Number of protein chains: 2
Amino acid sequence: MLTIDEKFARLGTDHAPGQEVRQTADDSNFRGEVLPGTPVDFSHGDVNDDAFAPTPGAFEEFVAGVHRGGSQAYTEYRGGGGLREMVAERLTAFTGHPVSGADELIITPGTQGALFLALGALVTTGDRVAIVRPDYFANRKLVEFLGGVVVPVRMDHLSYTDRAGLDLGQLEDAFKSGVRTFLFSNPNNPAGVIHSPDEIARIAALASQYGATVIVDQLYSRLLYSGNSYTHLRASSIDAAQVVTIMGPSKTESLSGYRLGVAFGASHLVDRMEKLQAIVSLRAPGYSQAVLRTWFAEPAGWMQDRIVKHEALRNELLAVFGAVPGLRVRTPQAGSYLFPQLPALDIPLHDFVRALRVQAGVTVTPGTEFSPDATNSVRLNFSQNHRAAVEAAGRIGEMIARYRR
Amino acid sequence: MLTIDEKFARLGTDHAPGQEVRQTADDSNFRGEVLPGTPVDFSHGDVNDDAFAPTPGAFEEFVAGVHRGGSQAYTEYRGGGGLREMVAERLTAFTGHPVSGADELIITPGTQGALFLALGALVTTGDRVAIVRPDYFANRKLVEFLGGVVVPVRMDHLSYTDRAGLDLGQLEDAFKSGVRTFLFSNPNNPAGVIHSPDEIARIAALASQYGATVIVDQLYSRLLYSGNSYTHLRASSIDAAQVVTIMGPSKTESLSGYRLGVAFGASHLVDRMEKLQAIVSLRAPGYSQAVLRTWFAEPAGWMQDRIVKHEALRNELLAVFGAVPGLRVRTPQAGSYLFPQLPALDIPLHDFVRALRVQAGVTVTPGTEFSPDATNSVRLNFSQNHRAAVEAAGRIGEMIARYRR
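Residues numbered from 1 in each chain as written. Chains lettered and ligands numbered in written order. Predicted model: local features only at pLDDT ≥ 70, side-chain atom pairs only at ≥ 80, totals over all residues.

What follows concerns the overall build of chain A. If you tally the helices and strands in chain A, you get 13 helices and 12 strands. Its C-alpha atoms give chain A a radius of gyration of 21 Å, within 12% of the compact-globule value 22 Å for 405 residues. The principal-axis extent of the C-alpha atoms belonging to chain A is close to 60 × 50 × 45 Å. Looking at the 405 residues of chain A, the share that counts as buried comes to 56%. Within chain A, counting contacts between residues at least 6 apart in sequence, those at least 24 apart form 76% of the total. (Helix = DSSP H or I, 4+ residues; strand = E, 2+ residues; numbered from the N terminus. Rg over C-alpha atoms; globule rule 2.2 N^0.38 Å. Buried ≥ 20, exposed ≤ 12 C-beta atoms within 10 Å, placed from the backbone. Contact = placed C-beta atoms within 7 Å.)

Before going further, it helps to examine the relation of the copies chain A and chain B. Least-squares fitting of chain A to chain B yields an RMSD of 0.0 Å, with the superposition described by an axial translation of 0.0 Å and a rotation of 180°. Each copy turns onto its partner about a two-fold axis. Same-surface contact between copies: 100% of interface residues of chain A are shared with the interface of chain B. (Least-squares fit on C-alpha atoms with pLDDT ≥ 70 in both.)

Right, let's talk about the interface of chain A and chain B for a bit. Across the boundary between the two partners, chain A contributes 56 residues, which contact 56 residues of chain B. Looking at the side of chain A that touches chain B, the elements with two or more residues in it are helix H1 (4-9), helix H2 (58-68), helix H3 (70-73), helix H5 (110-120), helix H6 (138-145), helix H9 (267-280) and helix H10 (286-289) of chain A. A total of seven residues in the side of chain A that touches chain B trace back to one element, the largest contributor, which is H9(A). In the side of chain A that touches chain B, the residues fall into 27 nonpolar, 20 polar and nine charged. (Nonpolar A, V, L, I, M, F, W, Y, C, P; charged D, E, K, R; others polar.)

Okay, the domain arrangement of chain A next. Residue and element names in this part refer to chain A. Domain annotation of chain A identifies domain 1 (4-54 + 301-403) and domain 2 (58-294). Each of domain 1 and domain 2 has a C-alpha centre, and the two are 25 Å apart. At the junction of the two partners, domain 1 supplies 33 residues and domain 2 supplies 32 residues. Listing elements by their share of the side of domain 1 that touches domain 2, those giving two or more residues are helix H11 (302-322) and strand E9 (337-338). With five residues, H11 is the single largest residue contributor to the side of domain 1 that touches domain 2. A per-class count over the side of domain 1 that touches domain 2 returns 15 nonpolar, nine polar and nine charged. (Domains from an automatic or database assignment.)

With that settled, consider the sheet that holds strand E9 (residues 337-338) of chain B. Residue and element names in this part refer to chain B. Spatially, E9-E12-E11 is the arrangement adopted by the three strands of the open sheet, whose pairing is antiparallel. The open sheet has two edge strands, E9 and strand E11 (365-366), and neither has a second partner. Here E9 runs beside strand E12 (residues 378-381); their pairing, made up of two bridges, is antiparallel. The residue bridging Tyr-337 from the neighbouring strand is Asn-381, located in E12. (Pairing = 2+ DSSP bridges.)

A separate point is the nonpolar core. Residues A:Ala118, A:Leu119, A:Ala263, B:Ala118, B:Leu119 and B:Ala263 are the most contacted members of the largest nonpolar core, which totals 241 residues. Excluding residues within four positions of it along the chain, B:Leu119 makes contact with B:Leu142, B:Val143, B:Leu146, B:Leu183 and B:Ile215. (Core = buried A, V, L, I, M, F, W, Y, C linked by C-beta atoms within 7 Å.)

Below, the discussion takes up the sheet that holds strand E6 (residues 213-217) of chain A. Residues and elements named next belong to chain A. The strand order across the open sheet formed by seven strands is E2-E8-E7-E6-E5-E3-E4, and the pairing between neighbours is mixed. A strand with exactly one partner marks an edge of an open sheet, and here the two such strands are strand E2 (105-108) and strand E4 (149-154). For this sheet, the mean angle separating the axes of adjacent strands, direction not counted, is 20°. Pairing analysis gives three bridges linking strand E3 (residues 128-133) to strand E5 (residues 181-185), with the strands arranged parallel. (Axes fitted to C-alpha atoms, helices over the stretch in contact; angles between N-to-C directions.)

All names here are of chain A. In the segment running from Arg-133 into Pro-134, the intervening peptide bond is cis, with an omega of 0°. Tracing the chain through its elements places Pro-134 in the loop between E3 and H6. Here the phi dihedral of Leu-282 falls at roughly 70°; this positive angle occurs in a residue that is not glycine. Mapped onto the elements of the fold, Leu-282 is located in the loop between H9 and H10.

Here is the structure:
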């Protein structure tokens, strides 16, 4: 059992996205001059008007919520009742499987909140939890904070184009060894790859066979690029009580500033999540909840336009990176992340990431946040101003040339 | 060690404030007719215009935050840097002891978020934590969720007028037995009483002697009634590294709908709290953070006017309750809570609370949320429309007459 000191020693955030400002380091080994250009922070999406602005009407719904006063400020801990019904209906249509607003859905402060509550409802001291490598950086930290033990499952996305590349044998071995909780993101964050219908069917079959609960983080499942299809685990042949799905109006809709997420599925777990939310944050911000009214109800063509713009930017960035010798990257199928594997450098990854920020005005997140094995990769959230992002990718190429082995 | 099922069995929220809508019960034993009158929900304050409206300018600061875009949506996990400096300066003035915005303050989603993070930074499996009875209902649940063990410390507020009535001998016994964390609210929630200078000095001395860390929830310390003074633990003779203070622009300022809180003090604990926030909710809602600019910067006379109005309502409610035979209540010194102890009833407290809601349109929180011993008490948040609250208190009196033993 970990002491509180040991617990926090593992919860490092120094290299987490957005925390770069807290770093202090010695820059005396930098090579070459500063590269000019518009600074780009790829650690998160840019929500300003010259990049990807929030959904039309979102702000107006917030204002209407403030005017409703107490009924909007103080909802049930799981979120306003009428609003849950509205959102549940839309998620039923989106995922192709029924969601009850009364019992199977909770509104949370961001999808981060939903993830914490879902794991908190399932994991306590000593529990073993299967976590994908690479996957969202908080997943392993959540398990460790809750006193659980991470059982890694490899995903070799660079070796495939028709599937995510999850090692299903390793997943089965984990279940065989007693693991009863599996958490994964689909599309994968950081790699932007989608689990194929076969992979989803196999995950469902294994979870059913071993009585495991699956938490699937589908945050980016709406931002789907042309030629791709998406399979919802909850609509596959698996017991509804064994799946919790997490989504939210966040990066795709550029609504992160309102801190909204939802978790839906297994009602006994939603009940637990509400109990936990009551002591962690009480509820999702009351007035912000009203913004959910715009979710899945965007103006006609708005989401399609957003996808087309992201896809065009994705393609141009892939072209830039394709010209860098030794760099490997898989074409993202959904979402706004790129996860290139860099050629071998002769400085450590964290130093290179720092040099990128200081010398080239480019902020990226080191791959080690997502997998201890991703020591040559960096993650970019390319939901940015198009021209600035393409120029910044060019600077990344120049910096690789400067520091390559 | 608790299993996950046992852990959640203890985390009940059925009778928690605001959750009444989820109750189902048999009402066939109710006596008498429904009492007419404007329904009042005393489980939380009313933020509508005919009760206590939010701070002037708060909404405008939120809007300005939305217009700032990405820089406001994505702050450091501990909150925006410039804003932290601004708030730290004001809290230095308010508490009479320096706060560093850079290292000693974190902005959280509500004071509930701050409480969770502070305890999460200190308590892990098996740790024993001193908790006051009665005190805020989430305190004991937080300890239990984190795997800790609650060590109760009695507070006999009804027996004193010049001090809160904390049993300092019990607190010392707890420290002697190995407890190294003490959490309490001051003013006390639910009783509205203030710990005297002597009580605070003694808490500081005991914590120093035994090397314990104290978390003090000062949420209501601004709403101080005439004739009372307030002693800040952090300004007493105790090492800064042993105190975390929690506040927020919430009920007093009617800003709960924005979900904002702050914790300040021991920098090594603020560091941990930020690491934990990174996996629990990432950050306080970005745009909401901007609302903190109005905190401790309200228009001249605004807070005084708010206090005068609450005090007048407090006095009138005390007069109504004073006329109920057998009811005992202490005059709150700060905040907006009343915690009357009812005369003996011949139905269980939870049934009476339900009858109050269904038959009299009055929602209160049962005392058992705050202490297992408070089986005859109810808590009222009287930050309400004045006339409706006084009439509702009258109906409580009628209902007591109907159900008394």
